[in-house]
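Summary of the model geometry
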Number of protein chains: 2
Amino acid sequence: MATNISTKLLYAFVALKETRHFTRAAERCHTSQPAFSAMIRKLEEAAGTRLFERDTRNVTLTPEGKLFSEVARSLIADTEAAFDDMADYVARRRGRVSIAALPSLAARALPAIIAEYRRLYPGVAVSLHDALSDQCLALLRQRKADLVLTAPGANFNEFDSRVLGSDPFYLVCRRDHPLAKKRRIRPGDLAGHEIVHLAKSSSVRQYADILLRDVAAVHSGFEVEHLATVAGLVEQGLGVSLVPQLTLFQFRLLDLAAIPLASQEQTRPILVVTRKDETLSIAAQGMLELIEKHVKPVEE
Amino acid sequence: MATNISTKLLYAFVALKETRHFTRAAERCHTSQPAFSAMIRKLEEAAGTRLFERDTRNVTLTPEGKLFSEVARSLIADTEAAFDDMADYVARRRGRVSIAALPSLAARALPAIIAEYRRLYPGVAVSLHDALSDQCLALLRQRKADLVLTAPGANFNEFDSRVLGSDPFYLVCRRDHPLAKKRRIRPGDLAGHEIVHLAKSSSVRQYADILLRDVAAVHSGFEVEHLATVAGLVEQGLGVSLVPQLTLFQFRLLDLAAIPLASQEQTRPILVVTRKDETLSIAAQGMLELIEKHVKPVEE
DNA sequence: GTCAATTACGTTCTCCGTAAGGATG
DNA sequence: CATCCTTACGGAGAACGTAATTGAC
């Protein structure tokens, strides 16, 4: 029933239709003339009727050949379009990639990566969501994001995740603060100091809380949403804060001191999270490679 | 460049997409599982990328596979539609055939043939033009007719023509006319009788003129367009006429006498005329076969 | 007699099926 | 350890190219 038709036969048909000459059509198809005859014969068998009327002198389309002629053109065009499209996606001349990332990553690390990506693959549409971890994962679940950059949290079993790098914590304080003179900070050093906190929903806060678990720090009473606000409060001497390296740009703007924590274990891992058992699109793979290229050197 | 893609590969793709299982998809394609794997591999090579992500447990579409999936469906559908259409034309479930014929043929012989054709092939659109010979040939030239039934005339070299049968001439007259008692008429018998003529543009007239070339017949002064008018005039005793057998029905309606001419050579050949070096459509071939089946027995 | 499509025929190559291999849960 | 996709391999059939044949002008 389902006769097997190959594009080769369609190309042969079009070549013969246009040349009206077996020998020349065979040349155009890079094949010998008898082989070409066989292809036409095979196509005619599939069609169930002669498509060309021919003798040794003339080759003309039959009425059925004329009917087939119109459709053959569009079959070829559609097939070529399909594979050309596919080649565009493979070459990242077309496509789409959507990233969701923590605000700290979205603001600082990602823009340069995205800029390079767009330079390499201008045809691919890139979208970026900056959101807190839970919302990033929700976007991933809803397929509104392909890649998520975040720090570890609860319920990551649902996804695939890989460590991209780790983001060490720093103490930030005024340059005239007593702790500003230290080269390294241990959590215990913070005992008795007022701490400006981010909201509990932020991943930075969750890691900071772990760091401060056994420390008698004084809560400043400030618990704000944005790092820029933390920076403003710290600059006014209203407290110090613990933030990851990737957010330091916010504090450097105000000429605050940033001192690394002594313990290297006290870092916030940065993960790339994807949906489980699903392949990244080629566009997204390219983005991931670029992210790894940029982030890895920062870590080591 | 032009990669050769066969429908077989597209069917394999769809089968695997729907079953998500190589072994079952292979069964659906009536092939062994390794052969099926090879087909998928070949399609992926043509696409330039993996279309399925698979391990021993799961088979899922890649993002590129999803893209291809949509287009594969329509490629298959278009190809099937093309060949199904062709099968319809071959089986004369669809198509078109246009006949142009002399009025005498169109009125009497053809309706029954066309009726049978429509019964056999109800899907084929049949059109019929009744016109004089020159106009029939003009329709053929303009491709508004596929088949012409007419009598020989000038400039038939432009076309292909075949004799279908021959239409012997009859004398028609009132039953009380002196000639009505004869069993056979020779042209000479008409000497002195008034003749009712068709217009000179008709093929009947042209053959009648040849028959009367050497006869001192009296022109009645009537030269009319339609056979029905000839019949009316003859019925009123205003003359006799010479007409081919196929037109006699017009005269029998009025209970007139019709006597065959003695000389069998004095017949009007009936030709089927087609365009030179062009194939008849399958629909038209069927019509021609039916015409030959009906006309041949009349002749012999 | 020449040009061109078809047929004949031997070779090559692709495709297929069986059987073994390997990965995964 | 059972499932199932892949690789290996040998054989069958298709496709191809060269050469001979047929046919039309």
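Quick look at the structure, then. Keep in mind it's a predicted model, so treat the numbers as computed, not measured.

Here we take up the protein's contact with DNA strand D. Taken together, 19 residues surround DNA strand D, and among them Ser-32 and Thr-56 of chain A together with Gln-33, Ser-37 and Arg-54 of chain B come closest. Of what DNA strand D places within 4 Å of the protein, 63% of the atoms are sugar or phosphate. At 3.3 Å, a side-chain N or O of Lys-8 of chain A approaches a phosphate oxygen of DNA strand D. Contact between DNA strand D and Phe-22 of chain B: a phosphate oxygen at 3.3 Å from a main-chain N or O atom of the residue. Those elements giving two or more residues to the surface near DNA strand D turn out to be α3 (33-47) of chain A together with α2 (22-28) and α3 (33-47) of chain B. For the surface near DNA strand D, the residue count by class is 5 nonpolar, 8 polar and 6 charged.

Right, let's talk about the relation of the copies chain B and chain A for a bit. Superposing chain B onto chain A requires a rotation of 180° together with a translation of 0.0 Å along the rotation axis, leaving an RMSD of 0.2 Å. Here the transformation between the copies is reduced to the relation of a two-fold axis. Among all C-alpha atoms of chain B, that of Ser-6 of chain B lies closest to the rotation axis, at 1.9 Å. When the interface residues of chain B are mapped onto chain A, 100% of them again fall at the interface, so both copies present the same face.

Okay, the pattern of salt bridges next. For the structure shown, the criterion picks out 37 salt bridges over all chains. In this structure, Arg-50 of chain B and Glu-44 of chain B form a salt bridge, with 3.9 Å as the shortest nitrogen-oxygen distance. Judged by its relative accessible area of 7%, Glu-44 of chain B is buried. Connected through salt bridges with shared partners, the residues Arg-143, Asp-146, Arg-275 and Glu-278 of chain A form a single ionic network.

Near DNA strand C lie 19 residues; those nearest to it are Thr-23, Gln-33, Ser-37 and Arg-54 of chain A together with Thr-56 of chain B. A share of 69% is what sugar and phosphate atoms reach among the atoms of DNA strand C within 4 Å of the protein. The side chain of His-21 of chain A places a nitrogen or oxygen atom 3.4 Å from a phosphate oxygen of DNA strand C. Residues of the surface near DNA strand C, tallied by class, amount to 5 nonpolar, 8 polar and 6 charged.

A separate point is the pairing of strand β11 (residues 267-275) of chain A. Residues and elements named next belong to chain A. Summarising burial for β11: 8 of the 9 residues are buried, a large majority. The pairing of strand β5 (residues 147-150) with β11 spans 3 bridges and is antiparallel. For Leu-149, the partnering residue across the bridge sits in β11 and is Val-272.

Time to look at a positive patch on the surface. Where like charges cluster on the molecular surface, the positive patch consists of Lys-8 and Lys-42 of chain A together with Lys-8 and Lys-42 of chain B. The exposure class of Lys-8 of chain A is partly exposed, given its relative accessible area of 43%.

Take the packing of helix α1 (residues 7-19) of chain A against helix α4 (residues 63-90) of chain A next. Residues and elements named next belong to chain A. Packing of α1 against α4 brings their axes to within 10 Å, and their N-to-C directions diverge by 130°. Relative to α4, α1 is oriented oblique. Relative to α4, the crossing made by α1 is left-handed. Only Gly-65, Phe-68, Ser-69, Ala-72, Arg-73, Leu-75, Ile-76, Thr-79 and Glu-80 of α4 make contact with α1, whose side of the interface consists of Thr-7, Leu-10, Tyr-11, Phe-13, Val-14, Lys-17 and Glu-18. Taken together, the residues that form the contact of α1 with α4 break down as 8 nonpolar, 4 polar and 4 charged.

Cut-offs used in this document
Here the residue index of a chain counts from 1 through its sequence in written order. Throughout, the order in which chains and ligands are written sets their labels, letters from A for the former and numbers from 1 for the latter. Local features in a predicted model are, by the rule used here, given only for residues with pLDDT of at least 70; side-chain atom pairs are given and counted only at 80 or more, and totals for whole chains, interfaces and linings are based on all residues. The side-chain numbers reported here are obtained from all heavy atoms of the structure, hydrogens and water having been left aside. Throughout, the term near means that a residue has one or more heavy atoms lying within 4 Å of the molecule or strand in question. The term polar contact refers here to a pair of N or O atoms within 3.5 Å; inside protein, the definition further demands a hydrogen-donor-capable atom paired with an acceptor-capable atom, and it admits residues adjacent in sequence only when both atoms are side-chain atoms. Under the DSSP-based scheme used, a helix requires at least four consecutive residues in state H or I and a strand at least two consecutive residues in state E, with every element numbered from the N terminus. In this count, Pro and Cys sit with the nonpolar residues alongside Ala, Val, Leu, Ile, Met, Phe, Trp and Tyr, while Asp, Glu, Lys and Arg are called charged and the others, Gly among them, polar. Alignment of the copies relies on least squares applied to C-alpha atoms, considering only residues that score at least 70 for pLDDT in both. Whether two residues are in contact is decided by their heavy atoms: any pair within 4.5 Å suffices. What makes a salt bridge here is a side-chain nitrogen of Lys or Arg within 4 Å of a carboxyl oxygen of Asp or Glu, nothing more. Whether a residue is buried, partly exposed or exposed follows from its accessible area with a 1.4 Å probe, protein chains only, as a fraction of its type maximum: under 20%, in between, or over 50%, in that order. One requirement defines pairing of two strands: DSSP has to find at least two bridges between them. Two joining distances apply to patches: 9 Å for like charges and 5 Å for nonpolar side chains (Val, Leu, Ile, Met, Phe, Trp, Tyr), and every residue must have over 30% relative accessible area and no salt bridge. With residues, only the protein chains shown are counted as cover, and all accessible areas are computed by Shrake-Rupley using a 1.4 Å probe. His is not counted here, nor are the chain ends, while Lys and Arg score as positive and Asp and Glu score as negative. In this description, the location of a charge corresponds to atom NZ of lysine, CZ of arginine, CG of aspartate or CD of glutamate. Only the stretch in contact is used when fitting a helix axis, every axis being a line fitted to C-alpha atoms; angles between N-to-C directions are given from 0 to 180 degrees. To sort the angles, those under 35 degrees are grouped as roughly parallel, those over 145 as roughly antiparallel, those from 65 to 115 as roughly perpendicular, and the leftovers as oblique. By the definition used in this description, the sense in which the near helix is turned from the far one sets the handedness, with an anticlockwise turn below a right angle giving left-handed and a clockwise turn giving right-handed.

Spatial relationships are all this shows, so hold off on functional conclusions.
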